[in-house]
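So you can see what is in the structure, the chains are spelled out below.
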Amino acid sequence: MKLEKSLELYSESSSLFPGGVSSPVRAFKSVEGSPLFIKKGDGYKIWDEDGNEFIDFCCSWGPLIHGHNAPFVTESVSKAIQNGMSFGAPSRLENELGKLIIQNIDHIDKIRFVSSGTEAVMSALRLARGHTKRDKVIKFEGCYHGHVDSMLVNAGSGLATFGISSSGGVPKSFAESTIVLPLNDKKAVMTAFEKHPNEISSIIIEPVPANNGLIIQQKEFLLFLKEISEKNGSLLIFDEVISGFRLGFGGAANHYGINPDIVTYGKIIGGGLPVGAYGSSNKIMSEISPDGNVYQAGTLSGNPIAMTAGIAQLKKCLTQGFYDVLQNKTIDFSNTINNHITKHNYNANVVFIGSIFWLSFSKDKIKCASDIDSKGMSIFGKLHQILLKKGIYFGPSGYEVGFISAAHDNAALSKAANEICSALDEVFSS
Ligand SMILES: *Cc1c(COP(=O)(O)O)cnc(C)c1O
């Protein structure tokens, strides 16, 4: 594999940006090799600056559910650009995307557009605090909610702990307002509510935790969160930045039949451009400025070009059978690899839901973040490098999930599955 141009650009970018990148995981720190500089994408393929071609399972970390360069998205965007880039005033396009979402998702009466998933989460937390007049928030170990100060908190394994920030620069008082609990642990949640009566504004969870492996939750646990938050006057926030419009149009909420009080979106909603959103009932959303006193704003919020990409993308998602096809492809792809793993008795397993999959280096069911054995990450680091040489691009971390887009056809998927099987043979024989 030729790497000269990527290496040259990486050397230059390292003098320009911390770690040479605009977002940390891109720096290839947890896999072998160094970052590839991507030049273009089309359908399920991407090409780097050296002309290497890859079947892409990163899909820009999830947004590209129709693959790269989907013609119906790029054509609408090219047309919209002719009218100017941004006005900082309301436009018809926001109404159109807003209606598309609200009319198809029952638990949202009103929505507000922002420019990233992080912003959506930050605003949802502020809204929950404003609504309940309480400060504390429960989050779960292993769930990622963007780089919001109060969410950059991990806990040691074991029982409920008050947050100690895992990032520099986060005020102690912010981290202290975050209660970090293990996933799938009802008792820990009950204890937190007993210890802090009338103090917890909200519970925030990725209903399908997909940022630290893929830790599928039992429906019963999610239902329990809905009940206990209601009983205690707290709000339940589903962070659907990954799962929204991915597990079906109505995301995990519809998949499990559980209506959260507030939902956040990002990734798919913008068709590859920077969009996030949060939504809730009329009553709760009436607290947002200028109707209410919870402030939230954005110079480029509801940007017409981004709205256009979102509309084109989401309209296509609403076509009959769209999600069934995507899910069936994912099932076949994952089963092919899992059959190979079983045959050779490798200590691995492809976990999947909807069109999201994750290669776990354990045969056991992963129920919470501490179940993940970090030894698997060095195996993944090797596997990642082998896969690149075979023309398969995964996100450069063993904790990251893969995505299957509508552009991935059966031929590409079966080729990729075979390459992944033979790469597994290599790492497990060494
Ligand atoms: C990606 C992600 C975020 C952050 O979104 P950005 O657009 O990267 O700010 C928040 N929550 C979840 C669940 C995510 O997957």
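Because the structure is predicted, anything quoted here is derived from the model rather than measured. (Residues numbered from 1 in each chain as written. Predicted model: local features only at pLDDT ≥ 70, side-chain atom pairs only at ≥ 80, totals over all residues. Heavy atoms only, no water.)

**Q** Please set out the environment of F245 residue by residue, giving values where relevant.
**A** By the element assignment, F245 lies in the loop between β11 (235-239) and α8 (251-256). Taking the relative accessible area as the measure of exposure, F245 reaches 0% and is therefore buried. Between the C-alpha atoms of F245 and I65, which are 180 residues apart in sequence, the distance is 8.9 Å. Beyond its immediate chain neighbours, meaning those up to four positions away, F245 contacts I65, I101, I105, G251, Y265, I268, I269, L314 and Y323. (Helix = DSSP H or I, 4+ residues; strand = E, 2+ residues; numbered from the N terminus. Buried < 20%, exposed > 50% of the residue type's maximum accessible area, 1.4 Å probe, protein only. Contact = heavy atoms within 4.5 Å.)

**Q** If you had to explain the site of the ligand to someone new, which residues and values would you point to?
**A** Surrounding the ligand, one finds S116, G117, T118, Y144, H145, G146, E206, N211, D239, V241, I242 and K267. The separation between an oxygen atom of the ligand and a polar main-chain atom of G117 is 2.9 Å. Here an oxygen atom of the ligand and a side-chain polar atom of K267 are 2.6 Å apart. Relative to its unbound accessible area of 380 Å², the ligand is 83% covered by the protein chains. (Near = heavy atom within 4 Å. Polar contact = N/O pair within 3.5 Å; in protein donor to acceptor, adjacent residues only side chain to side chain. Areas by Shrake-Rupley, 256 points an atom, 1.4 Å probe, with all protein chains shown as cover.)

**Q** Just give me the short version of the pairing of strand β10 (residues 200-205), but keep the residues and values in it.
**A** When you tally the buried positions in β10, you get six out of six residues, the bulk of the element. As judged from the four bridges shared by β10 and β11, these two strands associate in the parallel manner. Across the sheet, the residue bridging to I204 is I237, located in β11. Crossover handedness for the path β10 to helix α7 (residues 219-231) to β11: right-handed. (Pairing = 2+ DSSP bridges. Right-handed = clockwise from strand over helix to strand, strands pointing away.)

**Q** With reference to specific residues and values, describe the layout of surface pockets.
**A** Its volume calculated, the second largest pocket comes out at about 570 Å³. Every element with two or more residues in the lining of the second largest pocket is listed here: α3 (92-102) and β4 (110-114). For the lining of the second largest pocket, a count of residues per class yields eleven nonpolar, eleven polar and five charged. (1 Å grid on protein atoms, 1.4 Å probe; cavity = no way out; pocket = protein on both sides within 12 Å on 5 of 7 lines; lining within 4 Å. Points joined across faces, edges and corners; volume = space filled by probe spheres on them. Nonpolar A, V, L, I, M, F, W, Y, C, P; charged D, E, K, R; others polar.)

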